[in-house]
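Below are the chains, spelled out letter by letter.
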Amino acid sequence: MDVSPRRERRARLGGEHRTGRRERARLPLRRSLFGRLLAVSALVAACSVAATAWLAVQTTSGAIKQEQGQNLTADARIYNTLLGYAATHPTWDGVDSTVRDLARRSGRRIALTTEQRRPLADSADRPSPPAPALPPQASAIVDPLSMDTALSQTVGRTGATADRVDPRAVGPFRLPAAERKALRRAAQQSVACLSRSGVAADAVEGPSGRPRIEVVGNDPDRMDGTRCAGDDLALPTATERKALKALNQLANACLKRQGRAGVQLNLDLSWGTGTHSEPAPAAPGNARVVTPVPSVRTGDDDRATASCVGTARREQLSSYVASPALLFIGDESSTTVPGFDLSPANTAKIAGAAALVLALTVGATVLAGARLVRPLHALTGAAQRMRDGDDSAPVRVTDDSEIGRLAAAFNDMAAHRARLEGQRKDMVSDVAHELRTPLSNIRGWLEAAQDGLAEPDPAFISSLHTEAVQLQHIIDDLQDLAAADAGALRLHPEPVRAEEVLGQVAAAHQARAETAGVTLTVLTPEAGAPTAELTADPVRLRQAIGNLVSNAIRHTPAGGNVTLHAYVAGSATGEVTAREVAAGGVVAGGVVAADGAVSDAMTGDVIVDVTDTGSGISADDLPHVFDRFWRAEKSRSRRTGGSGLGLAIVRKLVEAHGGSVSAASVEGRGSVFTLRLPMSPVRTGPEEFGSATVSRGTAERGPGPDLMR
């Protein structure tokens with residue numbers, strides 16, 4: 001059979017009418033309720049965070065700075081005291097009393113350990129309760145031969161050296177009492193001489209016991225012209241010469257290992273060539289920062305000499321000072337930063353800011369809440385009026401937000417409920433009418449026979465039988481729908497070939513089609529097309545297709561055509577079927593295109609099309625063709641319409657098989673009814689049927705009264 005004319009004709013139909021559902025575009029975030037709530041929440045949160053941060057900075061920065069300053073000062077004092085102890089004692093024995101005294105005065109926990117973390121002293125060392133464990137990181141390392149310049153209080157003082165050796169570590173340069181006494185006497189004489197010359201000065205004794213003259217004021221050069229500087233203070237003592245000689249030997253040995261010439265160290269640890277020396281006024285620890293004597297030596301030689309002198313000093317002093325120790329400083333409560341109390345002014349600031357943020361939050365919430373609750377109140381009132389049976393006016397939709405869409409959906413629901421209520425009333429009236437007519441006829445004939453007005457001849461019996469069959473047909477249809485609604489309709493699935501079912505239905509309706517002058521045709525599948533096989537209840541499937549065929553013959557005038565076609569979705573044959581060129585209705589699973597092709601994402605289902613060239617269905621009536629007791633002829637004439645239950649039964653039977661049914665039509669040109677059935681087996685039993693729904697293309701219309709035209 002040539003299908004090209006059919007394709008062209010139905011393509012024109014599809015180009016004239018197309019209806020379908022489209023999802024509304026997703027609401028932009030800026031217009032959505034979520035977006036508004038998010039914006040309000042973000043604003044409130046930002047204000048809260050900003051206020052909290054400002055208050056935290058204002059109220060804590062000063063206290064933290066003060067606390068840190070106090071801690072740093074206390075830590076430096078503790079470190080300097082213990083550094084002095086290490087510089088003047090060869091071991092840490094006896095340091096425990098010093099540690100406890102420092103802890104008592106500073107209110108801190110102080111602990112000393114060796115570099116291997118063996119305890120030397122701990123102010124928290126007590127039998128009960130046991131002291132907390134020391135932290136993994138030490139606060140400082142107490143080493144008089146390599147002091148911490150950030151904590152030491154001797155850095156920058158007169159007498160401090162540049163090699164990080166604590167000036168209190170003098171070792172063999174410490175003077176005995178006799179030499180101290182002689183130097184002290186000479187210093188007092190120099191001070192008295194300067195005083196007579198009008199220069200105020202003091203004699204200050206250094207760590208080694210050697211005194212030095214310090215001029216009061218900011219002009220120490222005034223002492224140069226007084227001739228009050230005694231030679232006794234400039235010359236080293238016997239003890240100092242011995243120590244300086246040993247230090248010079250260690251430094252020259254270091255230089256010799258580097259292939260450099262030796263030097264002659266002065267008492268202030270400056271140096272010259274091996275034959276040059278000049279007296280120095282101070283002992284180690286008392287001298288000013290080293291200033292090398294100008295010589296012909298290169299800068300590299302001086303750097304190497306300074307390094308060797310520092311190494312020699314540490315080697316010479318190592319036996320006179322305590323070994324390096326780890327210092328741990330913490331709080332007695334084992335916390336790192338002690339707390340502090342807020343002042344009344346700061347407390348008032350916090351309370352005021354909190355009240356302001358709270359007021360802003362409440363105000364913003366009230367404004368946003370009022371706008372959100374107002375339409376909800378309108379919806380609540382409309383729902384209550386609907387519950388009371390009143391016909392409420394539609395809720396006003398103010399904007400296209402979530403609540404606006406909710407109001408629109410509520411209005412749609414209210415209108416749908418009103419339609420359902422009208423359909424329910426019409427259904428009661430229709431059932432009464434459909435049952436009253438045959439019963440009235442039967443009663444009239446029986447009363448006529450009873451009164452002797454009619455003879456019970458074969459024509460009489462045939463008339464009664466016709467009315468009884470019509471009555472039984474209506475009751476059977478109602479029973480099928482009732483069973484479907486209750487989930488009690490049972491199916492008996494078995495493998496079925498759709499072409500065979502169409503042939504059986506066509507054979508059953510052939511005589512009626514010929515009587516009506518309608519050509520009933522079953523399209524045969526093209527060569528190579530997949531076989532339309534499925535698992536279904538053949539009796540129920542024939543009933544559903546038979547209802548569609550009967551309906552198509554009834555509404556097709558003489559000379560028209562009714563065509564049946566079964567194919568597998570997505571096959572080449574299916575692309576030229578009547579379903580693909582239908583228009584004006586909902587097409588399950590696809591959208592009718594202008595060229596007659598169907599975009600069908602779900603392949604593998606069996607499609608059955610029943611196409612007629614009858615009177616068609618108007619666009620206003622098309623959505624109601626599956627409603628119960630609905631017929632295009634409002635007069636309910638049986639000459640052109642049945643009981644109005646056939647298409648409702650079709651939809652329920654297709655749903656029971658897990659499929660869907662749809663209709664497309666153009667008034668005056670014909671209609672297409674399409675069944676989509678899955679190939680896989682369906683479940684049987686009342687409980688399974690009760691869960692069946694109009695899937696894919698028809699589910700959005702929901703359950704409802706379904707009718708023949």
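Residues numbered from 1 in each chain as written. Predicted model: local features only at pLDDT ≥ 70, side-chain atom pairs only at ≥ 80, totals over all residues. Heavy atoms only, no water.

What follows deals with the side chain of Asp-166. Inspection of the secondary structure puts Asp-166 in the loop between strand E3 (140–142) and helix H4 (177–196). Residue Asp-166 is classed as buried on the basis of its relative accessible area, which comes to 0%. Polar contacts involving the side chain of Asp-166 include one to the main-chain amide nitrogen of Arg-168, which spans 2.8 Å. (Helix = DSSP H or I, 4+ residues; strand = E, 2+ residues; numbered from the N terminus. Buried < 20%, exposed > 50% of the residue type's maximum accessible area, 1.4 Å probe, protein only. Polar contact = N/O pair within 3.5 Å; in protein donor to acceptor, adjacent residues only side chain to side chain.)

Further remarks concern the pairing of strand E16 (residues 660–666). For a regular strand, side chains alternate in direction, first toward one face of the sheet and then toward the other. Burial runs high along E16: 7 of the 7 residues are buried. Neither face of E16 is left uncovered, since the one carrying Ser-660, Ser-662, Ala-664 and Val-666 and the one carrying Val-661, Ala-663 and Ser-665 both have all their residues buried. Summarising the sheet, E16 and strand E17 (residues 670–677) pair through 7 bridges and their orientation is antiparallel. Counted as the bridge partner of Val-661 is Leu-675 from E17. (Pairing = 2+ DSSP bridges.)

Now for the state of the cysteines. Scanning the entire structure with this criterion turns up 1 disulfide. A sulfur-sulfur distance of 2.2 Å marks the disulfide that ties Cys-254 to Cys-308. The sign of the S-S torsion, about -60 degrees, decides the handedness of the disulfide formed by Cys-254 and Cys-308: left-handed. Here Cys-254 is found in helix H6 (residues 238–257), whereas its partner Cys-308 is found in helix H7 (residues 299–317), with 54 residues between them in sequence. The exposure class of Cys-254 is buried, given its relative accessible area of 11%. With a relative accessible area of 0%, Cys-308 lands in the buried category. (Disulfide = S-S within 2.5 Å.)

Turning our eyes to something else, we now look at the packing of aromatic side chains. Summed over all chains, the structure comprises 2 aromatic pairs. Each ring, one from Tyr-85 and one from Trp-92, has its centre 6.0 Å from the other, and the planes form 15 degrees; the classification is stacked. The same class applies to Tyr-85 as to Trp-92, namely buried. A ring pair is formed by Phe-626 and Phe-673, whose centres lie 6.3 Å apart and whose planes are at 80 degrees; its orientation type is edge-to-face. Pair noted here: Phe-626 is in the loop between strand E15 (606–612) and helix H14 (646–656) and Phe-673 is in strand E17, with a separation of 47 residues, a long-range link. Note on accessibility: Phe-626 and Phe-673 belong to one class, buried. (Phe/Tyr/Trp six-rings, centres within 6.5 Å; stacked < 30°, edge-to-face > 60°.)

So yeah, pure geometry; function would need other evidence.
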